[in-house]
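Chain residues, written in single-letter form:
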Amino acid sequence: MAYKVAALLVLCLVLVAAVELPKAAADKFGSCFNTCEQQCKADGQGQTFCEMKCDTDCFDEEVAGKLHIKFP
């Protein structure tokens, strides 16, 4: 019985840790996206173009950071 309680506790800790991690990544992505979008619009580009460009650029930056690689 004690093993089941311990296993349940460990499972809960893993679940809480997994839920908390993406918030930091979302903040970083949101910051990158907002900055990129403002610069793109200031350069005279349209909403759709800027949204697609910044989404791609910031996603690539996020993946590169996770994999510790650098895109040209």
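Here's a quick rundown of the structure. (Residues numbered from 1 in each chain as written. Predicted model: local features only at pLDDT ≥ 70, side-chain atom pairs only at ≥ 80, totals over all residues. Heavy atoms only, no water.)

1. Some points on the side chain of Glu37
Reasoning step 1: Inspection of the secondary structure assignment puts Glu37 in helix α1 (residues 2-42).
Reasoning step 2: Setting aside residues up to four positions removed in sequence, Glu37 forms contacts with Gln47, Cys50 and Cys54. (Helix = DSSP H or I, 4+ residues; strand = E, 2+ residues; numbered from the N terminus. Contact = heavy atoms within 4.5 Å.)

2. Here's the deal with the nonpolar core
Reasoning step 1: With seven residues, the main nonpolar core is built from Cys32, Phe33, Cys36, Cys40, Cys50, Cys54 and Cys58.
Reasoning step 2: Of all elements in the fold, only α1 and α2 (47-67) reach the threshold of two or more residues within this core.
Reasoning step 3: When residues in this core are grouped by element, the largest group, four residues, is from α1.
Reasoning step 4: For Cys50, the contacting residues outside a window of four places in its chain are Glu37, Cys40, Lys41 and Gln45. (Core = buried A, V, L, I, M, F, W, Y, C linked by side-chain atoms within 4.5 Å. Buried < 20%, exposed > 50% of the residue type's maximum accessible area, 1.4 Å probe, protein only.)

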